[in-house]
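Residues per chain are reported as follows:
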Amino acid sequence: SFFLLQSQLSQALNGLSDRAKEAKEFLVQLRNMVQQIQENSVEFEACLVAQCDALIDALNRRKAQLLSRVNKEHEHKLKVVRDQISHCTVKLRQTTGLMEYCLEVIKENDPSGFLQISDALIRRVHLTEDQWGKGTLTPRMTTDFDLNLDNAPLLQSIHQLDFVQMKVSSPVPAPPILQLEECCTHNNSATLSWKQPPLSTVQVEGYILELDDGNGGQFREVYVGKETMCTVDGLHFNSTYSARVKAFNKTGVSPYSKTLVLQTSE
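As the structure is a computational prediction, the values presented were derived from the model and not from experiment. (Residues numbered from 1 in each chain as written. Predicted model: local features only at pLDDT ≥ 70, side-chain atom pairs only at ≥ 80, totals over all residues. Heavy atoms only, no water.)

Section: the domain arrangement of the protein chain
For step 1, the next point in the chain: By domain assignment, the protein chain separates into domain 1 (1–145) and domain 2 (177–263).
For step 2, the next point in the chain: The centre of domain 1, based on its C-alpha atoms, is set 68 Å off from the matching centre of domain 2. (Domains from an automatic or database assignment.)

Dropping the structure here:
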């Protein structure tokens, strides 16, 4: 009894020792994960900073382009106003000269000389006055800059700038294989059996078995579930049925298996 208990304790200790060894290895794995998380974090931060800096660079380039357009508008406005100033100055000089000349003529006491030129002078004064007509004394340019920067969409995009959570989705299952040697008919019922391909490691949550109407018509679902075998009763006698099966998981549905043809009894 003493030796038996010793042996049992020794065996129990062996099991516990294995667990302790696994735990030590697991702790090493966890410590490595801490190190890896720190390294990945530094790398990820550097990548994020680079992406944001690239956006800031692009914005600065755009700012320079927009400032250049404002500068062109500024130069254009100044040119139009300066041209109008110079045009108006010349015209005003001519008008002032004519007015001074007319005043001198009026002062003259020689009526015969005055009569000779008065008509021509009056026409000239009227003509010059007409030249100062509509629009001449109106600025050709506004001082306002009619440029509104539409920054709302960009601000909205900046507020919406976020990480895309990349979840690696598992693949859909491979098509199941119908096990011909286990598929058979008895009277007006059919039993079908299938399996996943031997090398498939993809998780399968269930299967969908489909049969046609025994007359080459449309397929319909006759079974949905986790089993890999199904018996379908109530078929027509002396009919040829086609059967096929597909697998599914959370990601989606597999392609169909090959189609199996079954003959019910006469």
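Considering the packing of helix 1 (residues 2–107) against helix 2 (residues 111–131)
For step 1, the next point in the chain: For the pair helix 1 and helix 2, interaxial distance at closest approach is 11 Å and the crossing angle is 155°. With respect to helix 2, the element helix 1 is oriented roughly antiparallel. Between helix 1 and helix 2 lies a crossing of left-handed hand. Along the contact surface, helix 1 presents K91, T95, L98, Y101, C102 and V105, while helix 2 presents F114, I117, L121, R124, V125, T128 and Q131.
For step 2, the next point in the chain: Along the lines of polarity and charge, the residues of the contact of helix 1 with helix 2 split into 8 nonpolar, 3 polar and 2 charged. (Axes fitted to C-alpha atoms, helices over the stretch in contact; angles between N-to-C directions. Helix = DSSP H or I, 4+ residues; strand = E, 2+ residues; numbered from the N terminus. Parallel < 35°, antiparallel > 145°, perpendicular 65-115°, else oblique. Left-handed = near helix turned anticlockwise from the far one by under 90°. Contact = heavy atoms within 4.5 Å. Nonpolar A, V, L, I, M, F, W, Y, C, P; charged D, E, K, R; others polar.)

Some thoughts on the pattern of salt bridges
For step 1, the next point in the chain: Tallying each qualifying case throughout the model produces 6 salt bridges.
For step 2, the next point in the chain: One salt bridge connects D83 with K79, and the closest N-O pair in it is separated by 3.0 Å. With D83 and K79 both in helix 1 and 4 residues apart, this pair spans about one turn of that helix.
For step 3, the next point in the chain: Relative accessible area serves as the criterion here: at 53%, K79 is assigned to the exposed category.
For step 4, the next point in the chain: Put simply, K107 and E104 hold a salt bridge, and the shortest N to O gap is 3.8 Å. (Salt bridge = Lys/Arg side-chain N within 4 Å of Asp/Glu carboxyl O. Buried < 20%, exposed > 50% of the residue type's maximum accessible area, 1.4 Å probe, protein only.)

A short note on the nonpolar core
For step 1, the next point in the chain: By size, the foremost hydrophobic cluster in this structure holds 18 residues, and its most contacted members are L192, W194, L209 and L211.
For step 2, the next point in the chain: If you list the elements that add at least two residues to this core, you get strand 3 (189–195), strand 4 (206–211), strand 6 (229–232), strand 7 (240–248) and strand 8 (260–263).
For step 3, the next point in the chain: The leading source of residues in this core is strand 7, at 4 residues.
For step 4, the next point in the chain: When near neighbours in sequence (up to four residues on either side) are disregarded, L211 contacts L192, Q218, F219, R220, V222, V232, L235, Y241, S242 and A243. (Core = buried A, V, L, I, M, F, W, Y, C linked by side-chain atoms within 4.5 Å.)

Notes on the sheet that holds strand 5 (residues 220–225)
For step 1, the next point in the chain: Ordered by their spatial adjacency, 4 strands build an open sheet running 5-4-7-8, and the pairing between neighbours is antiparallel. The sheet is open, and its two edges are formed by strand 5 and strand 8, each paired on a single side. Put simply, the sheet's adjacent strands are angled 25° from each other on average, direction ignored.
For step 2, the next point in the chain: As paired strands, strand 4 and strand 5 are joined by 5 bridges and run antiparallel to one another. By the bridge assignment, L209 is partnered in strand 5 with Y223. (Pairing = 2+ DSSP bridges.)

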